[in-house]
Amino acid sequence: MTNQNIIQEIKTQGGFLIKNVIPPEDAKKFAEYIIETELNERSEKEAFLSDTRKKGHVVGASGVGSISNFDSILPKLSKYLINKKITNTAENLIGKNFRVSTIGGLVNFPGNERGYWHSDWPFNQTVASHVSAPYPNAIMHLSSLIMLTKFSNKTGGTLIVPKSHLVPNNPSSDMGDIAKSNHPDEINIVGNPGDVFLYDSRLWHAVAGNKDSSPRVAISVRYAPWWLNLNVQEEGHPDRQRIVLETAGKNSVTRRIPKSVFSTLPDKAKPIFMHLVN
């Protein structure tokens, strides 16, 4: 598939599976790191989710773990994030000087709960800093799921509704029956370790139940155009204080990268991470 094919599929269907971005042996090592780190970060994450629930906000599905600390693997991981098929597609869809907005590890444990239909930030209407629906028909943000273990119907490959990115709203704006119901057009994303599903952040998707006996592991990386305000995700920034904290809105913070880690990144990866340096 050429970059034009990828771009066209994202524009019309909402996303595209780019195969073999990461070698299987590295995907396995990244998965092991995420599973270990999730256990170390679990108590902190659970406290954050508990606080979010107390404020009356919707949180993700139970049985799903996450991590935010990539310091020890980011130098190696970042060389795959600048894969030409990803960067050329991002430049075409959201412009030059795009950057990483968030990066997080995801672990769907066996028997995890199915999640609700939503679009990613900044279109998720449950998050304080969002683009209000109905939003314009324009690609303003890209998301990706890096598969570190097999994605299938059995393992709980993320559910999507193809072409739903063309709808100027998403079910996160109404957390009723639609958000929690099966959709007649839903499909699982399927792929192998090392594959990357790149998609328009407006695409409706939901956590799928993992019916396998092993965790399903992935990394979520999102890309923003240079003009999109990421200050709302930075701890201590006035924009976050005004838009999120003072309104008691649902929180979303992107962890900063230590200078010592940033200095070891490949030169071509530094421009997409430099704004996150602590």
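Look up: the structure comes first, before these words.
Residues numbered from 1 in each chain as written. Predicted model: local features only at pLDDT ≥ 70, side-chain atom pairs only at ≥ 80, totals over all residues. Heavy atoms only, no water.

Overview of the pattern of salt bridges
Using the criterion set out here, one finds 12 salt bridges in the structure. Put simply, Lys 154 and Asp 212 hold a salt bridge, and the shortest N to O gap is 3.8 Å. Residue Lys 154 is located in the loop between β4 (142-147) and β5 (159-160), and its partner Asp 212 is located in the loop between β8 (205-206) and β9 (216-224); the two are separated by 58 residues in the primary sequence. The class of Asp 212 is partly exposed, set by a relative accessible area of 23%. Between Asp 239 and Arg 242 there is a salt bridge whose closest N-O contact spans 3.8 Å. Taken together, the positions of Asp 239 and Arg 242, both in helix α6 (residues 238-245) and 3 residues apart, correspond to about one turn of that helix. Exposure remark for Asp 239: the relative accessible area of 17% places this residue in the buried category. (Salt bridge = Lys/Arg side-chain N within 4 Å of Asp/Glu carboxyl O. Helix = DSSP H or I, 4+ residues; strand = E, 2+ residues; numbered from the N terminus. Buried < 20%, exposed > 50% of the residue type's maximum accessible area, 1.4 Å probe, protein only.)

Re the nonpolar core
The biggest cluster of nonpolar side chains holds 46 residues, and the ones touching the most others in it are Leu 77, Tyr 223 and Phe 273. Looking at this core, the element that brings in the most residues is helix α2 (residues 24-54), giving 5 residues. Leaving out residues up to four positions away in the same chain, Tyr 223 has contacts with Leu 81, Ile 86, Ile 94, Phe 98, Arg 99, Val 100, Ser 101, His 141, Leu 142, Ser 144 and Leu 198. One finds Ile 160, Phe 197, Tyr 199 and Ala 218 within the second-largest nonpolar core, a separate group that totals 9 residues. (Core = buried A, V, L, I, M, F, W, Y, C linked by side-chain atoms within 4.5 Å. Contact = heavy atoms within 4.5 Å.)

Digging into the side chain of Asp 195
Assignment of secondary structure puts Asp 195 in the loop between β6 (187-188) and β7 (196-200). A distance of 2.8 Å separates the side chain of Asp 195 from the backbone nitrogen of Asn 192, its partner in a polar contact. Look past the residues within four positions of Asp 195 in its chain and what remains in contact with it is Leu 17, Ile 18, Lys 19, Asn 20, Leu 145, Ile 146 and Met 147. (Polar contact = N/O pair within 3.5 Å; in protein donor to acceptor, adjacent residues only side chain to side chain.)

Some details on the layout of surface pockets
What the second largest pocket holds in volume is close to 300 Å³. Contributing to the lining of the second largest pocket are 13 residues, with Thr 87, Glu 91, Phe 98, Lys 268 and Ile 272 lying nearest its centre. Those elements that place two or more of their residues in the lining of the second largest pocket are α4 (84-94) and α8 (270-273). Examining the composition of the lining of the second largest pocket, we find that 4 residues originate from one element, α4, more than from any other. (1 Å grid on protein atoms, 1.4 Å probe; cavity = no way out; pocket = protein on both sides within 12 Å on 5 of 7 lines; lining within 4 Å. Points joined across faces, edges and corners; volume = space filled by probe spheres on them.)

Description of empty space enclosed by the protein
Following the criterion strictly, the structure yields 1 cavity of 30 Å³ or more and no others. Reported here for the largest cavity is a volume of approximately 90 Å³. Class assignment for the residues of the lining of the largest cavity results in 5 nonpolar, 2 polar and 3 charged. (Nonpolar A, V, L, I, M, F, W, Y, C, P; charged D, E, K, R; others polar.)

Here we look at the packing of aromatic side chains
If you walk through the whole model with that rule in mind, you get 4 aromatic pairs. Note on Phe 30 and Tyr 80: the rings are 6.4 Å apart at their centroids and 70 degrees apart in plane angle, and the pair reads as edge-to-face. In this pair, Phe 30 sits in helix α2 while Tyr 80 sits in helix α3 (residues 74-81), placing the two residues 50 residues apart along the sequence. You'll find Phe 30 and Tyr 80 in the same group, each marked buried. A cation over an aromatic ring shows up here: Lys 270 above the ring of Phe 262, its NZ or CZ 5.8 Å from the ring centre. (Phe/Tyr/Trp six-rings, centres within 6.5 Å; stacked < 30°, edge-to-face > 60°. Lys NZ or Arg CZ within 6 Å of the ring centre and 35° of its normal.)

Details of the sheet that holds strand β2 (residues 64-67)
Pairing is antiparallel in the open sheet, where 6 strands are placed in the order β1-β7-β4-β9-β3-β2. Each edge of the open sheet carries a strand with a single partner, namely β1 (15-18) and β2. Within this sheet the neighbouring strands show an average axis-to-axis angle of 20 degrees, counted without direction. Relative to β9, β4 runs antiparallel, the two sharing 6 bridges. (Pairing = 2+ DSSP bridges. Axes fitted to C-alpha atoms, helices over the stretch in contact; angles between N-to-C directions.)

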